[in-house]
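These are the residues of each chain, in order.
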Amino acid sequence: MTEKIPTPTIEDYLGIIYTLQRDGEQVIGARLSELLEVSAPTVTITLRRMQRDGWIALTPSKRIELTPAGVESAKAVIRRHMLTEWMLAKILKLPWSKVHEEAHKIEHSISDTVELGLIDKLKDPSQCPHGNPMPGLEAMSEKWQPLAERAVDEVVTIKRIHEFLEDDPELMAFLEANNVLPGEKARILEILPFNSTMTLEINSKSVTLGYEIAKSIYVEK
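Just so you know, these numbers come straight off a predicted model, no measurement behind them. (Residues numbered from 1 in each chain as written. Predicted model: local features only at pLDDT ≥ 70, side-chain atom pairs only at ≥ 80, totals over all residues. Heavy atoms only, no water.)

Q: Quick question: what am I supposed to make of a positive patch on the surface here?
A: Among the surface-exposed residues, Lys90, Lys93, Lys121 and Lys123 lie close enough to one another that they form a single positively charged patch. Judged by relative accessible area, Lys93 falls into the exposed class, the value being 62%. (Patch = residues over 30% accessible without salt bridge, like charges linked within 9 Å, V, L, I, M, F, W, Y side chains within 5 Å. Areas by Shrake-Rupley, 256 points an atom, 1.4 Å probe, with all protein chains shown as cover. Salt bridge = Lys/Arg side-chain N within 4 Å of Asp/Glu carboxyl O. Lys, Arg positive; Asp, Glu negative; His and termini not counted. Charge placed at Lys NZ, Arg CZ, Asp CG, Glu CD. Buried < 20%, exposed > 50% of the residue type's maximum accessible area, 1.4 Å probe, protein only.)

In structure tokens, the structure reads:
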């Protein structure tokens, strides 16, 4: 029988598996090991426990998929995380680049009562401070495209910084310092394939990003 309440570790796995599935990426143990920064044997042991408790299922090709119970629990922890980010940003006025890291320390202890209070206080936001849609509202971002796919001289509006970029505090601080933020307009000044970079102009200042970063920043033309 499925546990009624997943542990914080299980919640971390559920959130990442949900995000990978949402992005259409194949979920395998090696990818989880990379993202969670834990050993492959640790991932294997945890996945076995999750399968036993009904959070995930393995396909015949050994791909990992969330069960309906796993999907609902993943949505719950992601929603609590995003609400906590907004609480830290709007109420405590923490820097945009720091709210993800701090929210991760708190999200597992948010009760249903506090969650409902935050939804009311924050007026039920549809996205997190970094532009990622709340679970169930992913359709709003379907037309946004990776920055790396846009061309020189185009003007775009930054809409979203992918969740996996949020795990790099130094990168997030760099993006914040250079106004690479949701809602900002950017002109693409230069693309240099030989060193895999692109340069933007935002608020009359230039900033250079690597392709790999630009692939995970979503924009609207």
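Q: Even after reading the chapter, I still don't get the packing of helix 4 (residues 68–91) against helix 6 (residues 112–121), so can you show me in this structure?
A: To characterise two packed helices, one gives the angle between the axes of the helices and the distance between these axes. Running from amino to carboxyl end, helix 4 crosses helix 6 at an angle of 55°, the nearest separation of the two axes being 10 Å. For the element pair helix 4 / helix 6, the angle class is oblique. Relative to helix 6, helix 4 is oriented so that their crossing is left-handed. Contact residues: helix 4 offers Arg79, Arg80, Leu83, Met87 and Ile91, while helix 6 offers Glu115, Leu118, Ile119 and Lys121. Here the contact of helix 4 with helix 6 is built from residues that sort into five nonpolar, no polar and four charged. (Axes fitted to C-alpha atoms, helices over the stretch in contact; angles between N-to-C directions. Helix = DSSP H or I, 4+ residues; strand = E, 2+ residues; numbered from the N terminus. Parallel < 35°, antiparallel > 145°, perpendicular 65-115°, else oblique. Left-handed = near helix turned anticlockwise from the far one by under 90°. Contact = heavy atoms within 4.5 Å. Nonpolar A, V, L, I, M, F, W, Y, C, P; charged D, E, K, R; others polar.)

Q: Please clarify how the sheet that holds strand 8 (residues 217–220) should be interpreted in this entry.
A: Strands in a sheet are paired, the pairing made by backbone hydrogen bonds, and the direction either parallel or antiparallel. A sheet is described by the order of its strands in space; here six strands give the open sequence 3-8-4-5-6-7, paired in antiparallel fashion. Whereas interior strands pair on both sides, the edge strands pair on one side only; in this sheet they are strand 3 (145–146) and strand 7 (205–210). (Pairing = 2+ DSSP bridges.)

Q: Please explain helix 3 (residues 40–52) as it appears in this structure.
A: Since there are 3.6 residues in each turn of an α-helix, residues three or four apart along the chain are aligned in direction. Here helix 3 spans 18 Å end to end across 13 residues, near enough to the 18 Å set by a 1.5 Å rise per residue. Of all the residues in helix 3, the buried ones are Val43, Thr46, Leu47 and Met50. Projection of helix 3 onto a plane perpendicular to its axis shows the buried side chains occupying an angular sector of 105°, all on one side. Exposed residues pointing more than 90 degrees away from the buried face of helix 3 are listed as Pro41, Ile45, Arg48 and Arg52. Buried positions along helix 3 lie against helix 1 (8–22), helix 2 (29–36), strand 1 (56–58) and strand 2 (64–66). Note on helix 3: the residue one or two positions beyond its end, Gly54, has a positive phi of about 90°. (Expected span 1.5 Å × (residues − 1). Arc of directions from axis to C-beta.)

Q: Where do I start with the pattern of salt bridges in this structure?
A: A side chain with one charge may pair with a side chain of the opposite charge, provided their charged atoms come close. Counting across every chain of the model gives 13 salt bridges. For Arg79, the salt bridge goes to Glu115, with nearest N and O atoms at 2.8 Å. One end of the pair, Arg79, is in helix 4; the other, Glu115, is in helix 6, with 36 residues separating them in the sequence. Since its relative accessible area comes to 8%, Glu115 is described here as buried. Lys215 serves as the salt-bridge partner of Glu212, at 2.9 Å between the closest nitrogen and oxygen. Judged by its relative accessible area of 41%, Lys215 is partly exposed. Salt bridges sharing partners connect three or more residues here, namely Arg22, Asp23, Arg160 and Glu163.

Q: When you look at the environment of Arg49 in this model, what are you seeing that I'm missing?
A: Along the polypeptide, Arg49 turns up in helix 3. On the basis of relative accessible area, Arg49 is assigned to the partly exposed category, the value being 29%. In this structure the C-alpha to C-alpha distance between Arg49 and Ile10, which are 39 residues apart in sequence, comes to 9.1 Å.

Q: Looking at this structure, I do not really get the packing of aromatic side chains. What am I missing?
A: Here a ring pair, both rings aromatic, is described through the centre-centre distance and the interplanar angle of the planes. Applying the stated criterion across every chain yields a total of zero aromatic pairs. Cation over ring: Arg160 sits above Tyr218, and NZ or CZ is 4.5 Å from the ring centre. (Phe/Tyr/Trp six-rings, centres within 6.5 Å; stacked < 30°, edge-to-face > 60°. Lys NZ or Arg CZ within 6 Å of the ring centre and 35° of its normal.)

Q: I tried to follow the layout of surface pockets on my own but got confused; where do I start?
A: Where empty space is left in the structure can be found by rolling a water-sized probe over the atoms. Estimates place the volume of the largest pocket at around 1100 Å³. Lining of the largest pocket is provided by 37 residues; of these, Ile16, His100, Glu163, Phe164 and Asp167 occupy positions nearest its centre. For the lining of the largest pocket, a count of residues per class yields 13 nonpolar, seven polar and 17 charged. (1 Å grid on protein atoms, 1.4 Å probe; cavity = no way out; pocket = protein on both sides within 12 Å on 5 of 7 lines; lining within 4 Å. Points joined across faces, edges and corners; volume = space filled by probe spheres on them.)

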